[in-house]
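Architecture and fold: a report
The lines below spell out each chain.
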Amino acid sequence: MELGRDSDTGGQIKYVVELARALAKIPGVYRVDLFTRQISSPEVDWSYGEPTEMLTAGQDDDDDNLGESSGAYIIRIPFGSTCFKCSNGAHRSFTWKEKLEQLLKQGRQSREDINSTYKIMRRIEAEELSLDAAELVITSTRQEIDEQWGLYDGFDVKLEKVLRARLDVVSIVMVDTCQGWRNVVIQEDGPEVDGELSQLTRGADGSTPKAIPAIWSEVMRFFTNPHKPIILALSRPDPKKNLTTLLKAFGECRPLRELANLTLIMGNRDDIDEMSSGNASVLTTVLKMIDKYDLYGQVAYPKHHKQYDVPEIYRFAAKTKGVFINPALVEPFGLTLIEAAAHGLPMVATKNGGPVDINRALNNGLLVDPHDQQAIADALLKLLSEKNLWHECRKNGWKNIHLFSWPEHCRTYLTRVDACRMRHPQWQTNTPEDDAADEESFNDSLKDVQDMSLRLSIDDARPSEKGAKQDEEVRFWSNQDGGNKIKKPDSGSGNENMLLDNVTNKYPLLRRRRRLIVIALDSYDNDGAPDKKINEIVQRIIKAVQLDPQTARVSGFALSTAMSIHETVEFLTSGNIPVNEFDALICSSGSEVYYPGIHTEDGKLCLIQIMSTIEEDLKSSNSHCISYKIKDLSKAKKVDDLRQKLRMRGLRCHPMYCRGSSRMHVIPLLASRAQALRYLFVRWRMNVANMYVILGETGDTDYEEMISGTHKTIIMKGVVSKGSEELLRGPGSYQRDDIVPNESPLVTYISETTEEKIANALKQLSKSGGM
């Protein structure tokens, strides 16, 4: 497996791959999926384009319940461009907000130019949304928490400590990371370990040279006195690794030069002129400084080494009672420090980044300011000259190195995960299965993880059984009226019991639908009341689908709206449209899903009322959606500004404007009309590629989300005259083009809303896949 396309990414990719493999071997872990981007290009290895790649099989036991798909896998998702040039640089160790801060400090580009180049505001918003939805974020260093994630509106170190008891904010924790040294055999003190190098290189008779590793000879040929302790630095010749400051500290400290040799392992090279400009510049400076300080015979800088030589290099330095140093300006983690400790080498390391946490755990060395060459020289001299301190650091490293083993790391990792509350209830476990249950899933991976990670589901437990939950927890309940008896509504009652009229099905017909037509036309008057003409268009859409009897038999309908279930039923009734024409009613901006004709399942959510300056619309509000009437539209805040203020107060929810900008809805964080489509896919295996969403030219502030995706979209021109999109975002935010493609084979426009035009549009889109 190729570990990265450049020198910055190898260690990161190696870590996540090894973590996936290690987790898959832990008892109780069924499957581990590592998600990344699919790239198909002749410029990279063919494996980058494989949708699924097994990293390791499941546990080696006789448990027949494990299944064929247990183990660790890489899942490559096709999105955006699949070419290498467009995707290069996708792997990174920074957050996008940190990247924005760095680019602004450089002063080469304006904020607008940066956003145009990187679509960076959309990327930052995606990371904010990830923080909103996350229960736990695991980092490898405390610095990442303070200096990277601390930049985001959705996480504040002080606020997180205050609100942790309420469990309203994401918890970001540090888990000591283990990488790469799992095959190292830790050696204890003994004559072979602590003997003088001259004794170790001589045969038993004291005269015949003993065979030594080839890399030892390669290093020793540089030294006038190879028996002195070695100061070992191992990194690529990158300016950030600060090797020139180390060399200056060594060259200007005479006691250090007399006491030790310096070994610089700076990757592999054939010709400096063929290297990248940055690396070539560092190497050229190193050679000039060796000449300047006349360090010939005291500094080794071999041109080549193999990966299997690295452990021998550590062993060689340890046998000379040397020291390992990492003087990087900033070190995100510090894999080499762990490897050196496992081989018995004390360390001197930068005080910026991961080494702080590593030294806190291992207690096997000294931390220094990488900009202070005198501090570097003093720390090296102290460790090399004070033998008791050197032995103490070595023993501490050996004693504590188990903290960075894969088993220990996985135990800590899983302990943190197990401590998370279950915010998303699991599937009902007592739902009887019908014949469709044995059908193949659209995705084998979904079957593997449906009980673990896809938790868009309905919980069978009643509220009384659950007890008091946090404000933001979504609770689902079944409205079962004491058994399977279905109550018919009183004439003109207008409540949700109307959904149960004249039907005895246990399951939504969605289970057997092959195509779903989703009507999401957001046309309202100035008061937020639905436009009467929508009823006529809905009837035309239904008739258009029925023009083709073959597809009509396998087609269903869903209505997606910002209205509550009561308002939706009232609206449909006013247009003489039977509620049972629809397989699903997605109401209250996607926060509730109803299935006409079965025992309805809906959710309960209590939200803190956060907008006291506007008037609550009790008629449109329910347990999943707080609706507010906008008194003065000119004073309404943009959605992105509102989200920021909510995040900074530790409130996880989804605000949006709807119904012609006359209402503001506050719904659960993971609720939306777009998410409701995904829910129907996960819950009822309704293939998203066979969903047809019908929209106007504008709509509520979630309108853009309804266009993007793998479903088909029909946009009716001239149907919706006023939407709410002007309240979506302000200047400096990401733009619509960052989300919605300008041209897509999955989107078509129609100017006339006749049955024939609608039927032709459905037929045209069906050719782009599905069914």
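Remember, it's a predicted structure, so these values are computed and weren't measured experimentally. (Residues numbered from 1 in each chain as written. Predicted model: local features only at pLDDT ≥ 70, side-chain atom pairs only at ≥ 80, totals over all residues. Heavy atoms only, no water.)

Examining the confidence of the model for the chain
Averaged over all residues, the pLDDT of the chain is 78; the fraction at 70 or higher stands at 74%. Contacts from residues 84-93, a stretch scored under 50 in pLDDT, to residues over four places away or in other chains number 19 contacts. When the criterion is pLDDT under 50, residues 177-185 qualifies, and its contacts beyond four places in sequence or with other chains add up to 30 contacts. (pLDDT = per-residue confidence, 0-100. Contact = heavy atoms within 4.5 Å.)

Side note on helix H16 (residues 354-362)
Along H16, 7 of the 9 residues are buried, which leaves the element largely enclosed by surrounding structure. Those residues of H16 that fall on the buried side of the exposure criterion are Gly 354, Pro 355, Asp 357, Ile 358, Asn 359, Ala 361 and Leu 362. Looking one or two places after H16, you find Asn 363, whose phi comes out positive at around 55°. (Buried < 20%, exposed > 50% of the residue type's maximum accessible area, 1.4 Å probe, protein only. Helix = DSSP H or I, 4+ residues; strand = E, 2+ residues; numbered from the N terminus.)

A closer look at the sheet that holds strand E24 (residues 747-750)
With mixed pairing, the 7 strands of this open sheet are ordered in space as E16-E15-E14-E13-E22-E23-E24. In the strand order of this sheet, the two ends are held by strand E16 (592-594) and E24, each with one partner. Across the sheet, the mean angle separating the axes of adjacent strands is 20° when strand polarity is ignored. As paired elements, strand E13 (residues 515-519) and strand E14 (residues 555-560) share 5 bridges and run parallel to each other. (Pairing = 2+ DSSP bridges. Axes fitted to C-alpha atoms, helices over the stretch in contact; angles between N-to-C directions.)

Here's the deal with the pattern of salt bridges
All chains considered together, the criterion is met by 25 salt bridges. In this structure, Glu 536 engages Arg 540 in a salt bridge whose closest nitrogen and oxygen atoms are separated by 3.6 Å. Taken together, the positions of Glu 536 and Arg 540, both in helix H22 (residues 533-546) and 4 residues apart, correspond to about one turn of that helix. For Arg 540, a relative accessible area of 26% corresponds to the partly exposed category. Residues participating in the shared-partner salt-bridge network are Glu 125, Asp 132, Arg 643 and Arg 647. (Salt bridge = Lys/Arg side-chain N within 4 Å of Asp/Glu carboxyl O.)

Considerations on the side chain of Asp 238
The topology assignment puts Asp 238 in the loop between strand E6 (230-234) and helix H11 (243-251). The class of Asp 238 is buried, set by a relative accessible area of 14%. At a separation of 2.7 Å, a polar atom in the side chain of Asp 238 contacts the main-chain amide nitrogen of Lys 240. (Polar contact = N/O pair within 3.5 Å; in protein donor to acceptor, adjacent residues only side chain to side chain.)

Observations regarding the packing of helix H4 (residues 111-118) against helix H5 (residues 120-133)
For the pair H4 and H5, interaxial distance at closest approach is 6 Å and the crossing angle is 75°. Classified by the angle between their axes, H4 and H5 sit roughly perpendicular to one another. The residues of H5 that touch H4, namely those facing Arg 111, Ile 114, Asn 115 and Tyr 118, are Ile 120, Met 121 and Arg 123. Considering only residue class, the contact of H4 with H5 consists of 4 nonpolar, 1 polar and 2 charged. (Parallel < 35°, antiparallel > 145°, perpendicular 65-115°, else oblique. Nonpolar A, V, L, I, M, F, W, Y, C, P; charged D, E, K, R; others polar.)

Topic: the pairing of strand E19 (residues 626-629)
Alignment of strand E18 (residues 615-616) against E19, held across 2 bridges, turns out to be antiparallel. Residue Glu 616 lies in a different strand from E19, and its bridge partner there is Tyr 628. As paired strands, E19 and strand E21 (residues 663-667) are joined by 4 bridges and run antiparallel to one another. Residue pairing in the sheet places Tyr 628 in a bridge with Met 664 of E21.

Some details on the packing of H22 against helix H28 (residues 755-766)
The geometry of H22 relative to H28 is characterised by a closest axis approach of 8 Å and an angle of 60° between their N-to-C directions. By the angle class used here, H22 and H28 are oblique. In the crossing of H22 with H28, the sense of the turn from one axis to the other is right-handed. Taking contact as the criterion, the partners of Arg 540, Ile 541, Lys 543, Ala 544 and Val 545 in H22 are, on H28, Glu 755, Ile 758, Ala 759 and Leu 762. (Left-handed = near helix turned anticlockwise from the far one by under 90°.)

Side note on the sheet that holds E6
On the basis of which strands lie adjacent, the open sheet formed by 6 strands has the order E8-E7-E6-E9-E10-E11 and parallel pairing. Two strands lie at the open edges of the sheet, namely strand E8 (299-300) and strand E11 (365-368), each paired on one side alone. Here strand E10 (residues 347-350) runs beside E11; their pairing, made up of 4 bridges, is parallel. Its bridge partner lying in E11, Val 348 is registered against Leu 366. Contacts between H11 and the sheet are confined to E6, strand E7 (261-265), E8 and strand E9 (323-326), with E7 contributing the most and set at about 170° to the helix.

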